[in-house]
Each structure stands twice: as C-alpha cells, then as structure tokens.
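Chain and residue survey
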Amino acid sequence: MLPAPSCQKPPPHPIRPQASRPRGSTSGRASRAGMKRRQLLRHAIALPAALPGLASSRALAAIQGGPRVAFGIAAQTRQLLTDPGFRDAVVRECDILTPELEMKWGFVEENQGSANLAPADQMSNFARRFGKRMHGHALIWHKSTPDWAASQMMTNPDWRIIDAFIQRIVPRYAGVVESWDVVNEPFADNGRPDGLRVSPFLTAFGPDYIRRAFERARSLAPTAKLYLNDYGFLYDDSESEARRTAALRLLEALKKHSVPVDGLGIQGHVDLERTGTFRQETFARFLKSVADMGCAIRISEFDVREHETAIPVEQRDALVADATAAVLDVAADCPALVSVTCWGLSDRYSWLPLPSETAGLNRGLPLDSDLRQKPMYRALMKALRR
Ligand code: G3I
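1. So, the overall build of the protein chain
Within the protein chain, the secondary structure is distributed over 14 helices and nine strands. Within the span of the protein chain, comprising 386 residues, buried residues form 55% of the whole. Of all intrachain contacts in the protein chain linking residues separated by at least 6 positions in sequence, the fraction that spans at least 24 positions is 76%. Carbon and sulfur atoms form 52% of the exposed surface of the protein chain, whose accessible area is close to 16,400 Å².

This is the structure in structure tokens:
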C-alpha cells in the first residue's frame, strides 16, 4: 500500500541553499540578511567573467534574494580544463557539479586493479577552488560496469568487487561530494512484477543489491545524501506509469526496512516527440507521492531532445523552452525539490544527437554553442525561483 497523499517537506537537505547565504557569493561567508540591494548587485557583478548585459543565475539569485532551488550541471573534466569560456560559464552559473563520466566504475577501473582517478580528482579540485558542491554519479549502473566486473558477477558473484569500488571512490571525495547516485537506472520493462531491470547486479545478488549498495555508501559517507536515480517517470502513458509504480514501491520497501535512501533522482531527459503525452497533473501526483515518503527530489539529468530542425531556430528554442517550463514549473512547486541538474550546460557539449549530422547541434541545453543564454535558460531560472 502506498501512503496517503499529504505533501510533506522532507528533512533539511544540505544541497538546498540556505536563505541566509548570498547566492553568487564566491566566499559564501557574507550574510545576505545584512546586505543592501546595491551591495548585492556589486557583489554579483564581481563574479568571474559575467557576460555584458546578461545576469547569470547566481548573480540574479543574489540580486533577487529569497530561497531558490540549487542549479547543477553535468560536465566532463577535459571540458573544464581545455575550454576557458566554458569553464567561466560553469563557474558563473552553477551551484552543483556532476561528473558526466569521471566517477563511473567503467571509467575509473576499466581493467581490474587500474585506477583512473586523476580526472575525478581534477574536477573535485575545481569544485573546491570555485566553491561548487558536487554530486557523485554513479556507484552502481549496469552501463558503466566494466566488462571484467560484469562477467565476474555473472560467473562467480562476489560482492567484494563492488564493495572495493565503492570504498575506493566514496571516501576519496568526502567533503566535496555531498550526494551520490547510489543506484542508477534500476528499472526496466523486463517482465518482472517489481519492475526491476535484469542487470548483472540483479542476476548476481537479487534485488538485495540495492539495499547492500545504499548501506555500504552510508557507512562510508555518513552525511552524504543518497539517491536512487532513473528515467522514464515523466509521461502519461503506460510505460511511464509502470516505472512510477515500480519506483514508489521500491522506495516504500526501502524506507520500511530502514535502508538509508534519502531521495529520488528524476532524470529529466525530455523528448519533444513525447511531450504530447506529458500531463502536469500526473507528474505532480508522482512528485507528491515521493515527497510523502519523506524523500528529497532532484531533477537530475535535464535536457530536451529535438527532432525537428527544418523550422526557424527561434521556433525550435521556443519549443524547448515550453517543454522545460512545463516540467520544471511542476517540479518547482513540490517542496521536496532540492535541485535541478542539466545534463550539460551548453549545446557545445550536448550528448544529444540530431537525426542527421548535417542538422547541426541539438539545442536542448540552457546555453547555445556560443555560450549565450537561450529561452530555455530563462524558463529554467524562472522555475527555480518559483
Ligand atoms: O572520450 C572518448 C573518445 O576519446 C573516444 O574516441 C570515443 C569513442 O567511442 O569515446 C569517447 O568516450 C565516450 C564518452 O561518452 C565521452 O563523450 C564514451 O564512448 C561514451 O560511452 C560516453 O557516453 C556517456 C554515457 O553516459 C556512458 O557513460 C555520455 O557522455 C553521458 O552523457 C551518458 O550519461 C548518461 C548518465 O550517466 C546516466 N543517464 C543517461 C545519460 C545519457 O546517456
């Protein structure tokens, strides 16, 4: 039985910005309460590499005040190290950084015993230097499991290889990584009544792999917030409904058994071909059910996939912005929402393809490929301040 709806606020979450801290502060020490509007404006302008005439998300928050939902982006270390314009935009815009690749098991330990940790170290140093919080992604994910580990799990299941990875990575980034995707994408339509994906983890350890992973992560990161993260919760169709039901049942069971799960990451990969089946009421009801369990909510991987490129660019951008507002306005109305992370900041580095290479870049991220704010950016910022 799922709990009766009564949208409760979850316990305080470290990645929700505190009202007493000025957003846009590079030191984070000054108290916003005592600052006059002009002081705040001066403070905001001092941010690195502000675009002339355009306020960044952090600067706007400092000027406008009031609590807001934190804004995050996923990026790759080499983008931050080799592209100064992009790096400045990241510094200017985001509160929370998620490594797109660098903390994944298959990236860190492609061969058993190898330890490719330099890129994750570099990103965490960047985060410390610029006062960014980090979200760790992802401890358990079937797609980022190295081949050697997947095949060992299938032939000779031994939790110690998973344990060794979690132990290697979690304590290393204590103090900078404030939250983790502990289990990523555990749901799939594989014909199981519980809606769980048939992955090497499930095959080797049964559904209990989820409890084990959360408990191990908690033992190594006592204060980090621990998330289950998945996609496919957005639409008003039977496929999404099945995934929502599976997620609610799993969260309920985990909570019932005191498994240390703090929240749900809702990947917001919006597909413009499917927005006709998005209904705000359905999504709002799902968010409320998650919140009612005392779970925090992150919109964890937001971007918009385009399909139609033979229309004027203004029209494309308007479609992307409308889809952004439709989803994020509902999310922002839920008190359990702690952050929105875009899966990339600029179209320059979007992972989203277009139907053909000649169609150019997908325009489903907040900044265009020249790092200019697009209507999507404004829709996003408006939602974050709702
Ligand atoms: O950097 C190498 C390049 O040197 C090489 O020539 C090329 C050849 O394949 O590969 C490049 O690495 C690719 C990497 O992205 C860098 O862009 C990997 O093959 C490719 O697998 C990797 O894909 C990433 C994918 O996760 C798998 O880790 C995507 O960038 C990343 O956006 C995607 O993110 C996932 C989330 O983790 C989970 N949710 C879905 C989301 C999108 O798929």
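From this point, things continue past the structure.
2. A short note on the site of the ligand
In the vicinity of the ligand, 14 residues are found, and the nearest of them are Glu100, Lys104, His137, Glu185 and Glu301. His137 is positioned such that a nitrogen or oxygen atom in its side chain is 2.6 Å from an oxygen atom of the ligand. The side chain of Gln267 places a nitrogen or oxygen atom 3.4 Å from a nitrogen atom of the ligand. In isolation the ligand has 790 Å² of accessible area, and contact with the protein removes 50% of it.

3. Thoughts on the pattern of salt bridges
Evaluation of the coordinates by the stated rule reveals 25 salt bridges. Where Arg243 meets Asp230, a salt bridge forms, and the shortest distance between an N and an O atom there is 2.8 Å. Remark: Asp230 occurs in strand S5 (residues 225-230) and Arg243 occurs in helix H11 (residues 238-256); sequence separation between them is 13 residues. Residue classification places Asp230 among the buried positions, given a relative accessible area of 0%. Within the structure, one salt-bridge network assembled from shared partners comprises Asp208, Arg211 and Glu215.

4. Some remarks on unusual backbone geometry
With omega at -5°, the peptide bond leading from His137 into Ala138 counts as cis. Structurally, the position occupied by Ala138 is in the loop between strand S3 (133-136) and helix H7 (147-155). Backbone geometry places Glu185, a non-glycine residue, at a positive phi of 55°. Relative to the assigned elements, Glu185 resides in the loop between strand S4 (177-184) and helix H9 (200-205). You can call Glu185 buried: its relative accessible area is 8%. Positive phi outside glycine occurs at Leu371, with the angle close to 65°. Along the polypeptide, Leu371 turns up in the loop between strand S9 (337-342) and helix H14 (375-384). Take Leu371: its relative accessible area is 9%, and that puts it in the buried class.

5. Considering helix H10 (residues 208-220)
Taking 1.5 Å per residue, 13 residues should reach 18 Å; H10 reaches 19 Å between its end C-alpha atoms and fits that length. All buried positions along H10 are accounted for by Tyr209, Ile210, Ala213, Phe214, Ala217 and Leu220. Within H10, the buried residues cover an arc of 135° as seen down the axis, which keeps them to one side.

6. So, the confidence of the model for the protein chain
Averaged over every residue, the pLDDT of the protein chain is 87; the share at 70 or more is 83%. In this model, residues 1-54 is a region of pLDDT below 50 whose contacts with residues beyond four sequence positions or in other chains number 103 contacts.

7. Focus: the packing of aromatic side chains
Taken as a whole and assessed by the stated rule, the structure comprises nine aromatic pairs. With a centroid separation of 5.1 Å and an interplanar angle of 85°, the aromatic rings of Trp159 and Phe205 are classed as edge-to-face. Here Trp159, found in helix H8 (residues 159-169), pairs with Phe205, found in helix H9; they are 46 residues apart in sequence, far enough to count as distant. Phe205 shares its class with Trp159; the two are buried.

8. Quick word on H14
In terms of residue burial, H14 counts as a mostly covered element, since seven of its 10 residues are buried. Of all the positions in H14, only Met376, Tyr377, Ala379, Leu380, Met381, Ala383 and Leu384 are classed as buried.

9. Regarding the pairing of strand S8 (residues 296-305)
Counting buried positions over the 10 residues of S8 gives nine, a clear majority of the element. In this structure, strand S6 (residues 263-266) lies alongside S8, joined through four bridges in parallel fashion. Of the residues in S8, the one forming a bridge with Leu264 is Ile297. Bridge count between S8 and S9: four bridges; the pairing is parallel. Bridge pairing in S9 links Ile297 to Leu337. After leaving S8, the chain enters helix H13 (residues 313-332) and then returns to the sheet as S9, a path that is right-handed.

10. Describing the side chain of Arg197
With respect to the helices and strands, Arg197 occurs in the loop between S4 and H9. It turns out Arg197 is buried and unbridged, and the closest side chain with the opposite charge, Glu185, is 4.7 Å from it. Discounting chain neighbours no more than four positions away, the residues touching Arg197 are His142, Glu185, Pro186, Phe187, Ala188, Asn190, Leu202 and Tyr231.

11. Some words on the pairing of S4
Most of S4 is tucked away: seven of the eight residues are buried. For S3 and S4, the ladder comprises three bridges, and the chain directions are parallel. Within S4, the residue paired with Gly136 across the bridge is Trp180.

12. Structural notes on the nonpolar core
Counting 101 residues, the largest nonpolar core has Leu97, Leu139, Ile162, Ile169, Trp180, Phe283 and Phe302 as the members making the most contacts within it. Setting aside residues up to four positions removed in sequence, Leu97 forms contacts with Ile73, Ala75, Leu80, Val90, Met123, Phe126, Ala127, Arg133, Met134 and His135.

Definitions and limits used
Residues numbered from 1 in each chain as written. Predicted model: local features only at pLDDT ≥ 70, side-chain atom pairs only at ≥ 80, totals over all residues. Heavy atoms only, no water. Helix = DSSP H or I, 4+ residues; strand = E, 2+ residues; numbered from the N terminus. Buried < 20%, exposed > 50% of the residue type's maximum accessible area, 1.4 Å probe, protein only. Contact = heavy atoms within 4.5 Å. Areas by Shrake-Rupley, 256 points an atom, 1.4 Å probe, with all protein chains shown as cover. Near = heavy atom within 4 Å. Polar contact = N/O pair within 3.5 Å; in protein donor to acceptor, adjacent residues only side chain to side chain. Salt bridge = Lys/Arg side-chain N within 4 Å of Asp/Glu carboxyl O. Expected span 1.5 Å × (residues − 1). Arc of directions from axis to C-beta. pLDDT = per-residue confidence, 0-100. Phe/Tyr/Trp six-rings, centres within 6.5 Å; stacked < 30°, edge-to-face > 60°. Pairing = 2+ DSSP bridges. Right-handed = clockwise from strand over helix to strand, strands pointing away. Lys, Arg positive; Asp, Glu negative; His and termini not counted. Core = buried A, V, L, I, M, F, W, Y, C linked by side-chain atoms within 4.5 Å.

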